[in-house]
Amino acid sequence: MKKRWLALFSVLGTVISLHCRGQAPSVNNIVPKPVSYTATDERPVTLSRHTVILADDEYKAQAEYLQGLLLDQCDLALAIAPPDTKVGRHSRIMLVHDTIEANRPEMYWLESGGPVVRIKARDVAGMVHGIQTFLQLLPLGKVKEVKFPTVEIKDYPRFAYRGMHLDVSRHIFPVDFLKKYIDYLAFHKFNNFHWHLTDDQGWRLEIKSYPKLTQVGAWRNSTLIGHFKDTPARYDSTRYGGFYTQDQVREIVQYAAVRGINVIPEIDIPGHSRAIIASYPEFSTKPDSAWQVANTWGMYNRQNNVLAPNPATFKFLETVFHEVADLFPSEYIHLGGDECSKMWWKADPKTQAFMKANGIKDEKELQTYFIKQVSGYLAQKNKKVIGWHEILEGNLDTTAVVMNWGGAKQGIEAAQRRHPVIMSPGNPLYFDNYQSKDPKDSLAIHGYNPLDAVYHFNPVPAELQQLKLDRYILGAQANVWTEYMGYPSKVEYMVFPRMTALSEVLWTDPKQKDFADFKRRLKAAILPRYTFWGSAYFKDFERWTLADK
Ligand code: TNX
């Protein structure tokens, strides 16, 4: 009798503990792969609701961030306390400000054993990366208790700039989704969110000095349906738009900062400016026209969308960029500069007269003139500029960072001219391109950038290595143009899992990369994450590779 009871208890006990005591995932599954790690089962740390987070002053906000994530992921509600708090026999997670062992930017150490999990970092970003790795080593789902493995992880990124871009002009997304997107970036150890805020199809940022930008410029009367090459073109005849208030911007910038992410705003000039001239026709080459915010895509050389060089325009640019500089703590502001058609300037007598009066020899130089003016306004606010590679059509001072969306060629040229470069080539880093060749795949702009193309991308072209100019490559970024992404889950479908692959390109030493092992980790650890987040993703990534013609 006694024996049978015991047996029953032990069966029940196993069932209960299997249910409540989580199994920690393997250290071999971390994405992006860390620089070095060891794990043993020797002195696992028992984490439960009694565990306390002890945070140095520098990391109070990250302690709260970790607290929220632990609650979401494991349903563990932990207390936070100052670093010297006595916690008795309870285990603790220590967030330590350390500048000696964590001896480079964004580096962290994650060590555990006995009663302590310790994350050491010299800066907020490093602490956030340590937190992400820690969470990847915890079960996804409710636990009462978990045995956290004994680990020693030392980790830091390969590149200083690791970015994801999002176009909110072609389609706008709710603040909550932007936060989710920033959470995705933080999980993947990116450190820059490039926020493409303005374009021909809508101006999305409240500017106090020029209210019509959002009263008029944030709204279009109709949007193209289907692909822009379809004939005949079809439109939905529905008013579409919206914008972010300056309060919302501050909220997002702050949200990102806690997660170690810098927000780089882009105000795209002097092309891609239809929303500006719809609001203020006096800044266009045809002030008497009734301009409308664009309702189709791809304006380059097809429709007039450029700013006219006149005193009112430059005053406008100075005021707007000063407001933007005050709103964003980022050291860099992106001023666009891409796809600026020259034909409207050629055709406009007033523009030609301005060029003559100012000794500007051609329209390429006029474009550079705009970039230089704005760089000057931003310099007054101690900001540096980033522009798309077309800003190199003229001569700029070498503090300007070139974001190269062309092939390796433009990146090499920029580095040869001693500009820092962020690689963002359409192939393979435009995530608005297709990731399959399945004719039934969801509509995308064109191209084919499957997962393996992203994973195998090397931001440093071999030629630059030979020229010993590789130090000019700051890193890379994927761009998410949203002409064909009308809602959040479409964005998720386009970025996952390619963004996960890019995170490893940017973080992990190429010698440690291995596509088969990446796919194993993706399936074991990251797809369940997407599901846990409730995020859409492209599922057929194993079927579609570069080998498919
Ligand atoms: C080119 S690349 C653009 C965007 C479009 C994108 C579509 C660049 C700086 N400009 O305006 O959305 O192609 O792929």
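What you see is a predicted model; the values in this text were computed from it and never measured. (Residues numbered from 1 in each chain as written. Predicted model: local features only at pLDDT ≥ 70, side-chain atom pairs only at ≥ 80, totals over all residues. Heavy atoms only, no water.)

Taken as a whole, this structure holds 33 aromatic pairs when the rule is applied. An angle of 75° between the planes, with centres 5.6 Å apart, marks the rings of Phe354 and Tyr369 as edge-to-face. Placement of Phe354 in helix 10 (residues 349–357) and of Tyr369 in helix 11 (residues 363–380) is noted, with a sequence separation of 15 residues between them. Look at Tyr455 and Phe515: their rings are 5.3 Å apart centre to centre, the planes differ by 40°, and that puts the pair in the tilted class. Here the residue Tyr455 occupies a position in helix 14 (residues 451–456), and Phe515 occupies one in helix 18 (residues 515–533), the gap between them amounting to 60 residues. (Phe/Tyr/Trp six-rings, centres within 6.5 Å; stacked < 30°, edge-to-face > 60°. Helix = DSSP H or I, 4+ residues; strand = E, 2+ residues; numbered from the N terminus.)

This next bit is on the pattern of salt bridges. Using the criterion set out here, one finds 28 salt bridges in the structure. Within the structure, one salt-bridge network assembled from shared partners comprises Lys33, Glu504, Asp517, Arg520 and Arg521. (Salt bridge = Lys/Arg side-chain N within 4 Å of Asp/Glu carboxyl O.)

With respect to spatial proximity, the complete set of residues near the ligand consists of Arg170, His272, Asp338, Glu339, Trp388, Trp405, Tyr430, Asp432, Ile445, Trp481 and Glu483. Calculation on the ligand without its partners gives an accessible area of 360 Å², and the protein chains cover 93% of this total. Of the residues in the shell around the ligand, the class split is five nonpolar, one polar and five charged. (Near = heavy atom within 4 Å. Areas by Shrake-Rupley, 256 points an atom, 1.4 Å probe, with all protein chains shown as cover. Nonpolar A, V, L, I, M, F, W, Y, C, P; charged D, E, K, R; others polar.)

What follows deals with the nonpolar core. Met164, Tyr181 and Trp195 are the most contacted members of the largest nonpolar core, which has 121 residues in total. The two domains that each donate at least three residues to this core are domain 1 (20–155) and domain 2 (161–548). Every residue in contact with Trp195, bar those within four places of it in the chain, is listed here: Leu166, Val168, Leu178, Tyr244, Val249, Ile252, Val263, Ile264, Pro265, Glu266 and Phe328. In this structure, Leu70, Cys74, Ile119 and Val143 belong to the second largest nonpolar core, which totals 33 residues. (Core = buried A, V, L, I, M, F, W, Y, C linked by side-chain atoms within 4.5 Å. Buried < 20%, exposed > 50% of the residue type's maximum accessible area, 1.4 Å probe, protein only. Domains from an automatic or database assignment. Contact = heavy atoms within 4.5 Å.)

This brings us to the sheet that holds strand 17 (residues 262–269). Hydrogen bonds along the backbone pair up the strands of a sheet, which may run parallel or antiparallel. Spatially, 9-10-17-18-19-20-21-22 is the arrangement adopted by the eight strands of the closed barrel, whose pairing is parallel. In this sheet, neighbouring strand axes are inclined to one another by 30° on average, regardless of whether the strands run parallel or antiparallel. Both strand 10 (residues 192–196) and strand 17 contribute to a ladder of five bridges, which runs parallel. Opposite His194, over in strand 17, you have Ile264 as the bridge partner. Sheet strands touched by helix 4 (residues 175–187): strand 9 (161–167) and strand 10. Its angle to strand 9, the strand with the most contacts, is close to 155°. Strands strand 9 and strand 22 (473–478) of the sheet are contacted by helix 17 (residues 498–507), whose axis makes an angle of about 150° with strand 9. (Pairing = 2+ DSSP bridges. Axes fitted to C-alpha atoms, helices over the stretch in contact; angles between N-to-C directions.)

Here we take up unusual backbone geometry. Geometrically, the link from Thr231 to Pro232 is a cis peptide bond, its omega value of -10° lying close to zero. By secondary structure assignment, the location of Pro232 is in the loop between strand 14 (224–225) and strand 15 (234–235). Backbone torsion omega between Phe496 and Pro497 reads 5°, so that peptide bond is classified as cis. Mapped onto the elements of the fold, Pro497 is located in the loop between helix 16 (488–495) and helix 17. Even without a glycine there, the phi angle at Ser237 is positive, about 55°. Here Arg418, not a glycine, exhibits a phi torsion of approximately 70°, which is positive. Tracing the backbone through its elements, the reader meets Arg418 in the loop between helix 12 (408–416) and strand 21 (421–423).

Residue placement: Leu327 occurs in helix 8 (residues 311–327). Looking at Leu327, the relative accessible area reads 6%, which means it is buried. Along the backbone, Leu327 and Val253 are 74 residues apart, and their C-alpha atoms lie at a distance of 8.9 Å. Once you skip the residues sitting within four places of it in the chain, Leu327 turns out to touch Leu205, Gln246, Val249 and Arg250.

Here the focus is the pairing of strand 22. Counting buried positions over the six residues of strand 22 gives five, a clear majority of the element. Examined bridge by bridge, strand 9 and strand 22 share four bridges and lie parallel to one another. Bridging across to strand 22, Met164 finds its partner in Ala478. Examined bridge by bridge, strand 21 and strand 22 share three bridges and lie parallel to one another. Note on strand 22: the bridge partner recorded for Met423 is Ala476.

Once that is clear, we can look at the packing of helix 10 against helix 11. The N-to-C vectors of helix 10 and helix 11 enclose an angle of 75°; their axes lie 11 Å apart at closest approach. Here helix 11 runs roughly perpendicular to helix 10, going by the angle between their axes. Contacts from Thr351, Gln352, Phe354 and Met355 in helix 10 reach Glu363, Leu366 and Tyr369 in helix 11. Across the contact of helix 10 with helix 11, the residue classes break down as four nonpolar, two polar and one charged. (Parallel < 35°, antiparallel > 145°, perpendicular 65-115°, else oblique.)

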